[in-house]
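Structural description and commentary
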Amino acid sequence: MDVVLTLLVGTVSQADSLLMESRQLIGLFAAALAAMLAAQLGWHGTDRLIAWRQRPDED
């Protein structure tokens with residue numbers, strides 16, 4: 001009985017530590033993805049702004 005309880009506690013603690021590590025990795029991945037999306041949006045926004053300012057006035 002003690003062996004089963006020890007095995008169960010060991011498994012739960014390992015699963016908990018793996019979850020904590022995976023949360024950090026998921027957070028890192030999400031931050032990198034958000035940075036790439038912000039850079040892409042900034043790039044396209046800048047391109048559109050430059051193109052809009054270079055258009056001749058059609059008055």
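Structure shown above.
Summarised in this report is the structure supplied together with it. Keep in mind that what you see is a predicted model, and the values were worked out from it rather than measured.

**With respect to the overall build of the protein chain**
Across its full length, the protein chain carries one helix and zero strands. On C-alpha atoms alone, the protein chain measures out to a radius of gyration of 26 Å, which is more than a quarter above the 10 Å that the 2.2 N^0.38 rule sets for 59 residues. Summarising its shape, the C-alpha atoms of the protein chain cover approximately 90 × 15 × 5 Å along the three principal directions. Burial statistics for the protein chain: of 59 residues in total, 0% are counted as buried. Only carbon and sulfur atoms are counted for the fraction: they give 68% of the accessible area of the protein chain, which is about 5900 Å². Computing the positive centroid from 4 side-chain charges and the negative centroid from 7, the protein chain places the two 9 Å apart.

Definitions and cut-offs
Residues numbered from 1 in each chain as written. Predicted model: local features only at pLDDT ≥ 70, side-chain atom pairs only at ≥ 80, totals over all residues. Heavy atoms only, no water. Helix = DSSP H or I, 4+ residues; strand = E, 2+ residues; numbered from the N terminus. Rg over C-alpha atoms; globule rule 2.2 N^0.38 Å. Buried < 20%, exposed > 50% of the residue type's maximum accessible area, 1.4 Å probe, protein only. Areas by Shrake-Rupley, 256 points an atom, 1.4 Å probe, with all protein chains shown as cover. Lys, Arg positive; Asp, Glu negative; His and termini not counted. Charge placed at Lys NZ, Arg CZ, Asp CG, Glu CD.

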